[in-house]
Amino acid sequence: MRNANGQVVLATSNAGKVKEFQAILSGRGFDLRGLGEFPELSFPEEGDDYEANAIGKARAAALHVGMPALADDSGLEVDALDGIPGVYSARFGGEGLDDRGRTELLLERMSHLEGEDRRARFVCWVAYVVPGGGVLVSRGECPGRILTEPRGARGFGYDPIFGVEGTDLAMAELSAQEKNRISHRARALDALCERIAASQ
Ligand code: IMP
C-alpha cells in the first residue's frame, strides 16, 4: 500500500503534530510531505467520531494530491467528566480560546476533583489512505492525570497539564524523544506501521 518512493502527504496543519509525526516516522521509509505544498486543500467539517474524522482528513488529502495520505484525530479524555473534552479537544471552550485558554478552562472545570477523579488519557486515531485504494486505521492511548497547574514548556495543546502515568512529570516536561516514545500518537503510528508493512 505504499508508493515505491515512500511519498506520503501529512494531512494536518497543526505545527505540534507535524513535528511529532516527522520525529516518530523518521527512519521508517516515508518521505513525508507537508500541507504547505498544497495551500488550496481544504478538509471536511469535523464530526464527533475520531476514526471518521481521521479517515475524512486523510481521504480528502489523498484524493486531492494523488498520493497516499496520513492524518490523525486526537484528544484528551477526563474520566470524571465523561470523557470531555474528547473529540472536541481542539474546539473546547469555543473558537476564541487558544491552547492556554483551553487548559485554564479545563483546570477550572476540574477544580473540585481530586485523586482518582483526575484520571485522564490522550487518545489518537491515525488513518492512512491510498488514492483509489485501501484505508488502514489504528488507535493509541497514553494514560495519565490532570495536574492542578500547568508545568513545562515543551509539546503543545494540553501537555502542560497532563501528568504522565508512572512519573512525576507533565507531558510538557518530557523531551521530544521521551514524549515520542510513550505518546498516544507514537503508539497509534507504531501499530499503523505494522499494518502497512503487513499489507505489502
Ligand atoms: P484534532 O485532532 O486536530 O481535532 O485536535 C486535537 C486536539 O487535542 C489538539 O488541538 C490538542 O488540543 C489536543 N491534543 C491532541 N494531541 C495532543 C498532544 O499530544 N498533546 C497535547 N494536546 C493534544
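Above: the structure in question.
Residues numbered from 1 in each chain as written. Predicted model: local features only at pLDDT ≥ 70, side-chain atom pairs only at ≥ 80, totals over all residues. Heavy atoms only, no water.

A word on the overall build of the protein. Of the regular secondary structure elements, the protein holds 5 helices and 7 strands. Taken from the N to the C terminus, the helices and strands of the protein come in the order β-α-β-α-β-β-α-β-β-β-α-α. The C-alpha radius of gyration computed for the protein amounts to 17 Å, which stays within 12% of the reference 16 Å derived for 200 residues, consistent with globular compactness. Each of the three principal axes of the protein carries a C-alpha extent, and together these read 55 × 30 × 25 Å. Within the protein, buried positions represent 49% of all 200 residues. For the protein, contacts bridging at least 24 residues in sequence account for 61% of all contacts bridging at least 6. A total of about 9,800 Å² of accessible surface is found on the protein, and carbon and sulfur atoms cover 47% of it. Where the 23 positive side-chain charges of the protein centre and where its 31 negative ones centre are 4 Å apart. (Helix = DSSP H or I, 4+ residues; strand = E, 2+ residues; numbered from the N terminus. Rg over C-alpha atoms; globule rule 2.2 N^0.38 Å. Buried < 20%, exposed > 50% of the residue type's maximum accessible area, 1.4 Å probe, protein only. Contact = heavy atoms within 4.5 Å. Areas by Shrake-Rupley, 256 points an atom, 1.4 Å probe, with all protein chains shown as cover. Lys, Arg positive; Asp, Glu negative; His and termini not counted. Charge placed at Lys NZ, Arg CZ, Asp CG, Glu CD.)

The first and last C-alpha atoms of helix H2 (residues 50-65) sit 23 Å apart over 16 residues, in line with the 22 Å expected at 1.5 Å per residue. Here H2 has its buried residues at Tyr-50, Asn-53, Ala-54, Ile-55, Lys-57, Ala-58, Ala-60, Ala-61, Ala-62 and Val-65. Where the residues of H2 are buried, they touch strand E1 (7-10), helix H1 (15-25), strand E3 (69-78), strand E4 (85-86), strand E5 (119-129) and strand E6 (135-146). Two to three positions downstream of the cap, the backbone nitrogen of Glu-51 sits 2.9 Å from a side-chain oxygen, assigning the N-cap of H2 to Asp-49. Taken from the residues just after H2, Gly-66 is the one with a positive phi, measuring 75 degrees. (Expected span 1.5 Å × (residues − 1). Polar contact = N/O pair within 3.5 Å; in protein donor to acceptor, adjacent residues only side chain to side chain.)

Near the ligand there are 15 residues, and of these Lys-17, Ser-74, Asp-159, Lys-179 and Arg-185 occur at the shortest range. Side-chain polar atom of Asp-159 to a nitrogen atom of the ligand: 2.7 Å apart, as the coordinates give it. Its free accessible area being 490 Å², the ligand has 94% of it covered by the protein chains. For the shell around the ligand, the elements supplying multiple residues, two or more each, are E3 and helix H5 (184-198). Sorting elements by how many residues they give to the shell around the ligand places E3 first, with 3 residues. Each residue belonging to the shell around the ligand can be placed in one class, and the counts come to 4 nonpolar, 5 polar and 6 charged. (Near = heavy atom within 4 Å. Nonpolar A, V, L, I, M, F, W, Y, C, P; charged D, E, K, R; others polar.)

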